[in-house]
Amino acid sequence: MEGNAPRCAGGQRPLEQTEPDAGRRTLDLRIERVLKKEIARRQVVEEKPRQSEQHSSRLLDQSRRMQEELRVLSRGILSAQEKSEEDQPRAA
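It should be emphasised that the depicted structure is a prediction, and the values quoted were computed from it without experimental measurement.

K.L.:
Tell me about the overall build of the protein, and please be specific about residues and values.
P.N.:
Helix and strand counts for the protein come out as two helices and zero strands. Per-residue burial for the protein yields a buried fraction of 3% across its 92 residues. For the protein, the exposed surface amounts to about 8,900 Å²; the carbon and sulfur share of it is 54%.

K.L.:
Talk me through the pattern of salt bridges; I want residue IDs and the actual numbers.
P.N.:
Scanning the model with the defined rule gives seven salt bridges in all. Across the salt bridge formed by Asp28 and Arg24, the nearest N and O atoms sit 3.4 Å from each other. Of this pair, Asp28 and Arg24 both sit in helix H2 (residues 22-87), four residues apart, which is roughly one turn of the helix. Owing to a relative accessible area of 33%, Asp28 belongs among the partly exposed residues under this scheme. Taking the relative accessible area as the measure of exposure, Arg24 reaches 51% and is therefore exposed. The salt bridge involving Asp87 is made with Lys83; its shortest N-O contact spans 3.9 Å. With Asp87 and Lys83 both in helix H2 and four residues apart, the pair spans about one turn of that helix.

K.L.:
I'd like to hear about a nonpolar patch on the surface, residue by residue, with values.
P.N.:
On the surface, a nonpolar cluster with roughly 350 Å² of combined accessible area is contributed by Leu27, Ile31, Leu35 and Ile39. Checked against the element boundaries, Ile31 lands in helix H2.

Cut-offs used in this document
Residues numbered from 1 in each chain as written. Predicted model: local features only at pLDDT ≥ 70, side-chain atom pairs only at ≥ 80, totals over all residues. Heavy atoms only, no water. Helix = DSSP H or I, 4+ residues; strand = E, 2+ residues; numbered from the N terminus. Buried < 20%, exposed > 50% of the residue type's maximum accessible area, 1.4 Å probe, protein only. Areas by Shrake-Rupley, 256 points an atom, 1.4 Å probe, with all protein chains shown as cover. Salt bridge = Lys/Arg side-chain N within 4 Å of Asp/Glu carboxyl O. Patch = residues over 30% accessible without salt bridge, like charges linked within 9 Å, V, L, I, M, F, W, Y side chains within 5 Å.

Quick look at the structure:
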């Protein structure tokens, strides 16, 4: 039966017939490339929420520090105002 196999130009057998697994290997390589691309894409997609969470956490920490600084400044201003009022002579 092999003698009757169709031949390509030049008398060579088609690749599928000379190497039956060649088509499968080519398909496997294509699938592997697609899977690697999908894995890389998903890793990027998964990293975005982590980065966003870290950024939000840094902003929250900064906000808390600024809020505490504002409290300290406000206490200082109120204390200075009270002291200033105590130091002023009262009109009788």
